[in-house]
Amino acid sequence: MLKKTTVPADSNAHEPRLYRVVADRIQDLIREEKIAGGERLPSERDLATKLSVSRASLREALIALELGGVIEVRGGSGVYVSEKPEPATADLPEAGPGPFEVLSARRLIESEIAAIAARVATDGAIDAILKAVVEMEQNHANYSSNEQADRNFHLAIARATGNSALVGSLNYLWDQRGRLWHKLKEHFQTEELRQETLKDHRRILEAIAAHDPAAARKAMRAHLERVTRTFSRG
């Protein structure tokens, strides 16, 4: 029988990341149900129900397993057990915080950063935010340049607060966008999402330029909630 996921109670002990716990349980399922290499796993919905976990946690776990060579994600077809020998016994590489952990933290912190920026941003700070927006629009088709422009946009807002601790906190969170994040984005980023992101950034900029903290907070939160929703539901 598959056990339900629990988080260790001892806060002093090293706690494995939730996606690694779920990934281990998926490997248990592969062994227990004797799913052979090349065979398809149940759908994400069925796996989430079977393991009693959220779709977001399941998706992070599947990405970690893909990075570890345990499974293969085939767009439009499903998730398959790797045909390599004994894939279900593989050790997973450490890939840092899960993407949804990072998005949750960003949603909490960046919404307030945007509100503060709307209250105190100078004309020069607003110009820097606008420059990042324009760069992202101009580099829409270039992944690496677009990614850097995206980061520049969010950091420009943090700098507009005049609080270096907030800038440092945001830099840290962006540095956590590691292998899991980029693989998730590779699978589930769509042109529609990219276009919506550009529109979101314009709305955030407009609220900050209007010195409207409530609107800036709302626009930033809506942006990050939409990204979370898209990546967790596909």
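Procedures and definitions
- Residues numbered from 1 in each chain as written.
- Predicted model: local features only at pLDDT ≥ 70, side-chain atom pairs only at ≥ 80, totals over all residues.
- Heavy atoms only, no water.
- Helix = DSSP H or I, 4+ residues; strand = E, 2+ residues; numbered from the N terminus.
- Buried < 20%, exposed > 50% of the residue type's maximum accessible area, 1.4 Å probe, protein only.
- Contact = heavy atoms within 4.5 Å.
- Areas by Shrake-Rupley, 256 points an atom, 1.4 Å probe, with all protein chains shown as cover.
- Pairing = 2+ DSSP bridges.
- Core = buried A, V, L, I, M, F, W, Y, C linked by side-chain atoms within 4.5 Å.
- Expected span 1.5 Å × (residues − 1).
- Phe/Tyr/Trp six-rings, centres within 6.5 Å; stacked < 30°, edge-to-face > 60°.
- Lys NZ or Arg CZ within 6 Å of the ring centre and 35° of its normal.

## Let's talk about the overall build of the protein chain
1) Next: When helices and strands are counted, the protein chain shows 10 helices and 2 strands.
2) Next: Listing each helix as α and each strand as β along the protein chain from the N terminus yields α-α-α-β-β-α-α-α-α-α-α-α.
3) Next: Looking at the protein chain as a whole, 47% of its 234 residues are labelled buried.
4) Next: Nonlocal contacts in the protein chain, meaning residues at least 24 apart in sequence, comprise 73% of its contacts between residues at least 6 apart.
5) Next: Carbon and sulfur atoms make up 50% of the accessible area of the protein chain, which amounts to about 11800 Å² in all.

## Digging into the environment of Ile35
1) Next: Examined against the element boundaries, Ile35 turns out to sit in the loop between α1 (18–32) and α2 (44–51).
2) Next: Along the backbone, Ile35 and Val81 are 46 residues apart, and their C-alpha atoms lie at a distance of 7.3 Å.
3) Next: With sequence-adjacent residues up to four places away left out, Ile35 is seen in contact with Leu29, Ile30, Arg40, Leu41 and Val81.

## Overview of the pairing of strand β2 (residues 78–81)
1) Next: Pairing of strand β1 (residues 71–74) with β2 involves 4 bridges; the strand directions are antiparallel. Opposite Glu72, over in β2, you have Tyr80 as the bridge partner.
2) Next: In this structure, the hairpin formed by β1 and β2 is closed by a connection of 3 residues, where Gly76 is found at a positive phi of approximately 80 degrees.

## A few points about the side chain of His154
1) Next: Relative to the elements of secondary structure, His154 occurs in helix α6 (residues 143–160).
2) Next: For His154, a relative accessible area of 1% corresponds to the buried category.
3) Next: Ignoring any residue separated from it by four or fewer positions in sequence, one finds His154 in contact with Arg106, Glu110, Leu170, Trp174, His201, Met220 and His223.

## Quick word on the nonpolar core
The tendency in soluble globular proteins is for nonpolar side chains to be buried as a group.
1) Next: Ranked by internal contacts, the top residues of the largest apolar core, which has 41 residues, are Ile129, Phe153, Ile157, Ile204, Ile208 and Phe231.
2) Next: Secondary structure elements with two or more residues in this core: α3 (55–67), α4 (99–120), α5 (123–138), α6, α7 (164–175), α8 (179–188), α9 (191–209) and α10 (213–233).
3) Next: Look past the residues within four positions of Ile204 in its chain and what remains in contact with it is Phe153, Ile157, Ala219, Met220 and His223.

## Notes on α3
Helical periodicity: at 3.6 residues per turn, an α-helix aligns residues three or four positions apart in one direction.
1) Next: With 13 residues, α3 extends 18 Å from end C-alpha to end C-alpha; this agrees with the ideal 18 Å at 1.5 Å per step.
2) Next: Along α3, 11 of the 13 residues are buried, which leaves the element largely enclosed by surrounding structure.
3) Next: Looking at α3, one finds that the buried residues are Ala56, Ser57, Leu58, Arg59, Glu60, Ala61, Leu62, Ile63, Ala64, Leu65 and Glu66.

## What to know about the environment of Leu51
1) Next: Locating Leu51 in the fold gives a position in helix α2.
2) Next: Of the residues examined, Leu51 reaches a relative accessible area of 0% and is grouped as buried.

## A few points about the packing of aromatic side chains
1) Next: Counting across every chain of the model gives 1 aromatic pair.
2) Next: Ring geometry for Trp181 against Phe231: centres 5.4 Å apart, planes inclined by 65 degrees, an arrangement best described as edge-to-face. Taken together, the positions of Trp181 in helix α8 and Phe231 in helix α10 put the pair 50 residues apart, joining distant regions of the chain.
3) Next: With relative accessibility at 6%, the residue Trp181 sits in the buried group.
4) Next: One Lys or Arg, Arg74, reaches over the ring of Tyr80 and ends 3.9 Å from the middle of that ring.

Nothing here speaks to function; it is geometry throughout.
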